[in-house]
Amino acid sequence: MTSTGVDTTLVERLIAAQFPDWAGLPVRVVDSAGTDNAMFRLGDDFAVRLPKADWAVGQVEKEQRWLPHLAPHLTLPVPVPVGRGVPGEGYGHAWSVFAWLDGDDAYNAPLGDLAHAAVELGRFGRSLRAVEATGGPASSRGGPVTRWEDGAMGPALRDLGADGTVDADLATAAWESVLRLPQWDGPPVWVHGDLLPGNLLGRDGRLAAVIDFGALGTGDPACDTMPAWTLLTADTRPLFREAAGVDDATWARGRGWALVWGLVTEHYYRETNPVLAAIARRSRTEALAEYAATV
């Protein structure tokens, strides 16, 4: 078994028992820094996704229910479920089989054409928000960015400031400016909720697909502007913002998300998950630099 309790042998048994037409297809681990699910490639055409954390168990039902509904309306390819597994073979949760999407994630294989990515990501977010959201579940990142005030932000600012990782005075001032922002007062809209580089697939240096809809739901669209700081550069951010069509307050809250997610995630994962910590470091660095240029 792997450290998650799931390995290729278990996946082979699950497939053989529940999807006998696919039995015998090779199963390969898909390397990922993600914390919610274990991923395996099944043959050439499929991906198997199994929750490895208790909080991720409900993602299966959500993705099975909503991705087929959303996919036809979106401007980029997304995973489409082709099978739904049930507990068995010693594994206690529901799980999914998706059609495989070719590409390399944008962390391990950085996109060469960021201008193209900026426009395509902006258009993707706009197309997602345009889908009727009635009945959709609330996203775990669709609430106010100010919810981070309780519990997580204080220790991150204290510890990262104390060891010189960040300019504590600048980071505190930036966070206080986020707390003063007007909050979302529109109806909930669909958000992906986790548009990090590891969840963006590229082919030939260009953005080609969006994956991992575990945080999918409805809420404030500000969280889906985070790629402006986790992925893009100062000269490509305006292309993203124009294509996304977000207002000033939403953009400012998005920068707040990039700041607080970056600080809290770097603080939490800097010893245990270097990939997430590196993305978080870039996120808070870019957000702080932009904030500093405005004061």
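These remarks concern the structure in this document. (Residues numbered from 1 in each chain as written. Predicted model: local features only at pLDDT ≥ 70, side-chain atom pairs only at ≥ 80, totals over all residues. Heavy atoms only, no water.)

**Considerations on the packing of aromatic side chains**
Pairs of aromatic rings are described using the distance from one ring centre to the other and the angle between the two planes. In this structure the tally under the stated criterion is seven aromatic pairs. Taken together, a centroid distance of 6.2 Å and an interplanar angle of 45° make the contact between Phe-240 and Trp-251 tilted. Here Phe-240 is found in helix H7 (residues 237–244), whereas its partner Trp-251 is found in helix H8 (residues 248–269), with 11 residues between them in sequence. Of the two residues examined, Phe-240 and Trp-251, each falls in the buried class. An aromatic cluster is defined as three or more aromatic residues linked by ring pairs; in this entry it consists of Phe-19, Trp-22, Phe-46 and Trp-95. It is Arg-65 that lies over the ring of Trp-66; its NZ or CZ is 3.9 Å from the centre. (Phe/Tyr/Trp six-rings, centres within 6.5 Å; stacked < 30°, edge-to-face > 60°. Helix = DSSP H or I, 4+ residues; strand = E, 2+ residues; numbered from the N terminus. Buried < 20%, exposed > 50% of the residue type's maximum accessible area, 1.4 Å probe, protein only. Lys NZ or Arg CZ within 6 Å of the ring centre and 35° of its normal.)

**So, the side chain of Thr-225**
Relative to the assigned elements, Thr-225 resides in the loop between strand E10 (217–219) and helix H6 (227–230). Here the side chain of Thr-225 touches Ala-222 through a polar contact of 2.7 Å, landing on its backbone oxygen. In contact with Thr-225, other than residues within four places in its own chain, are Phe-240, Val-246, Thr-250, Trp-251 and Gly-254. (Polar contact = N/O pair within 3.5 Å; in protein donor to acceptor, adjacent residues only side chain to side chain. Contact = heavy atoms within 4.5 Å.)

**Considering the pairing of strand E8 (residues 200–203)**
As defined by bridge partners, strand E6 (residues 104–105) adjoins E8 across two bridges and the pair is classed as antiparallel. The residue bridging Asp-105 from the neighbouring strand is Leu-201, located in E8. Looking at chain direction, E8 and strand E9 (residues 206–210) are connected through four bridges and run antiparallel. From the neighbouring strand, Leu-201 faces E9, where its bridge partner is Ala-209. (Pairing = 2+ DSSP bridges.)

**Remarks on the pattern of salt bridges**
Under the counting rule described, the total for this entry stands at 18 salt bridges. Taking the shortest distance from any N to any O, the salt bridge between Glu-266 and Arg-284 comes out at 2.8 Å. With Glu-266 in helix H8 and Arg-284 in helix H9 (residues 274–294), this pair connects stretches of sequence that are 18 residues apart. Across the pair, Arg-284 and Glu-266 agree in class, each one buried. (Salt bridge = Lys/Arg side-chain N within 4 Å of Asp/Glu carboxyl O.)

**Observations concerning the nonpolar core**
Ranked by size, the top nonpolar core spans 61 residues in total, and within it Phe-124 and Leu-263 carry the most contacts. A per-element tally of this core places H8 first, with nine residues. If we ignore the near neighbours within four places in the chain, the residues touching Leu-263 are Met-153, Ala-156, Leu-157, Leu-160, Val-166, Ala-171 and Arg-284. One finds Val-6, Ile-15, Val-27 and Leu-50 within the second-largest nonpolar core, a separate group that totals 17 residues. (Core = buried A, V, L, I, M, F, W, Y, C linked by side-chain atoms within 4.5 Å.)

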